[in-house]
Amino acid sequence: VDNNSTDNTMRVIDEYKNKYPDLIRVFCEKRKGAPCARNKGVAESKGEWIQFLDSDDEILPQKLKHQMDLVATSRYDVIVSNSYIYRYSNDQRLSKTVRTSDENVWKGLLISKLGITSANLWRKEAVQLVSGWDENKNSSQEYDLLFRMLQNNISIGFCHEILTIVHINPNSISNSRNDNRIVEILQNSINLRLSVKKYLQSKNKLTKELNQAADMHIYNSLIAYSSMITIFFKKGIIPDYVRKTLRENSLSLPPSFLIKLFIKRTFTRIKGLFG
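Keep in mind that this is a model prediction, so the values were computed, not measured.

S.K.: Go over helix α2 (residues 34–44), please, and point to the residues and values.
M.R.: Residues of α2 that are buried include every one of P35, C36, A37, R38, N39 and V42, and no others. Buried residues along α2 sit against α5 (124–129) and α6 (141–151).

See the structure below:
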């Protein structure tokens, strides 16, 4: 599905379509955004299962086989798998990390350990029953979809092998350096966690563990974009947003974490005074 590309994408995929006419069909989606493109692909697909693949992701040769082996033994709606995260700068790989999953599905949802779009395998019917991807979402898209699917009582299976590689370059959409865009991404992520917490509370399923897991994720997401020095000694869009968000949300953090935070904050203040 071509989504308003401005390079030679159409030429390349047309070559593949002409080479494999029985395997590849090509569509154009003029409405901008990944959710629109994905919904177009789902609508045009003929299979029972959907493998989404974004342009900066890579699936390994045995991915579908390993995941379909699980499908053959149990009734699942989503198969969650782990992935490698490769980060690049100037065409050089800087780091390689592993994104793991958590088989406590609600905790996994709250802490972003329930796979990613390309790493997972999706049953078409289960996606369509919740009206597919939310085309108004510009971040936190797969976790919004998973949240709605979990509310619809889907069954999730886990394949803990690493079968997908996500390549993150400086110009990747998920690696924005625009302050306003970063704030937007953070707020979308926080709003989703708050919605999940509210839903679980309404169902009497919001345990202390889940509540703290959600709040730890919110806190860590905030400080990931702003060091303690920036938060407490400098001004700017992101640190102002972080301070405001921390004030407005009463986060339930474990005592051991609060002690470590107090020590780190005190050290940072002292370093700022004498450095």
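More follows now that the structure is in view.
S.K.: Break down unusual backbone geometry for me, with residues and values.
M.R.: Of all residues except glycine, most have a negative phi; of all peptide bonds, most are trans. Even without being a glycine, N153 presents a positive backbone phi close to 65°. For N153, the position within the fold is in the loop between α6 and β6 (156–168). Here the phi dihedral of N204 falls at roughly 55°; this positive angle occurs in a residue that is not glycine. You can see N204 is positioned in the loop between α7 (179–202) and α8 (208–224). Residue class for N204 comes out exposed when judged on its relative accessible area of 73%.

S.K.: Explain the pairing of strand β4 (residues 92–99) to me, and be specific about the residues and the numbers.
M.R.: Strand direction decides the pairing type here: strand β3 (residues 78–89) and β4, joined by seven bridges, are antiparallel. Residue pairing in the sheet places Y86 in a bridge with K96 of β4. Between the end of β3 and the start of β4, which pair antiparallel, lie two residues, with N90 showing a positive phi angle near 55°.

S.K.: Residue-level account of the nonpolar core, with values.
M.R.: Residues W106, L109, L114, W122 and M149 are the most contacted members of the largest nonpolar core, which totals 29 residues. Of all the secondary-structure elements, those providing two or more residues to this core are β3, α4 (105–110), α5, α6, β6, α7 and α8. If you tally residues by element for this core, the top one is α6, at six residues. Ignoring sequence-local partners within four residues, the contact set of L109 consists of L114, Y143, L146, F147, L150, R193 and V196. Counting nine residues, the second-largest nonpolar core is a separate cluster that includes V183, L186, I190 and Y241.

S.K.: Residues and numbers for the packing of α7 against α8, please.
M.R.: The N-to-C vectors of α7 and α8 enclose an angle of 175°; their axes lie 10 Å apart at closest approach. Classified by the angle between their axes, α7 and α8 sit roughly antiparallel to one another. Each of L186, S189, I190, R193, L194, K197 and L200 in α7 lies in contact with α8, whose residues at this interface are L210, N211, A214, D215, H217, I218, S221 and L222. Here the residues of the contact of α7 with α8 sort into eight nonpolar, four polar and three charged.

S.K.: Residues and numbers for the pattern of salt bridges, please.
M.R.: Considering all chains together, one arrives at 17 salt bridges under this definition. Among the ionic pairs, D54 bridges to R38, the shortest N-O distance being 2.9 Å. On the criterion of sequence distance, the pair formed by D54 in the loop between β1 (49–50) and β2 (57–59) and R38 in helix α2 is long-range, its members being 16 residues apart. On the basis of relative accessibility, which here comes to 8%, the residue R38 falls in the buried class. Where E209 meets K107, a salt bridge forms, and the shortest distance between an N and an O atom there is 3.4 Å. Separated by 102 residues along the polypeptide, E209 in helix α8 and K107 in helix α4 bring together distant segments of the chain.

Cut-offs applied
Residues numbered from 1 in each chain as written. Predicted model: local features only at pLDDT ≥ 70, side-chain atom pairs only at ≥ 80, totals over all residues. Heavy atoms only, no water. Buried < 20%, exposed > 50% of the residue type's maximum accessible area, 1.4 Å probe, protein only. Helix = DSSP H or I, 4+ residues; strand = E, 2+ residues; numbered from the N terminus. Contact = heavy atoms within 4.5 Å. Pairing = 2+ DSSP bridges. Core = buried A, V, L, I, M, F, W, Y, C linked by side-chain atoms within 4.5 Å. Axes fitted to C-alpha atoms, helices over the stretch in contact; angles between N-to-C directions. Parallel < 35°, antiparallel > 145°, perpendicular 65-115°, else oblique. Nonpolar A, V, L, I, M, F, W, Y, C, P; charged D, E, K, R; others polar. Salt bridge = Lys/Arg side-chain N within 4 Å of Asp/Glu carboxyl O.

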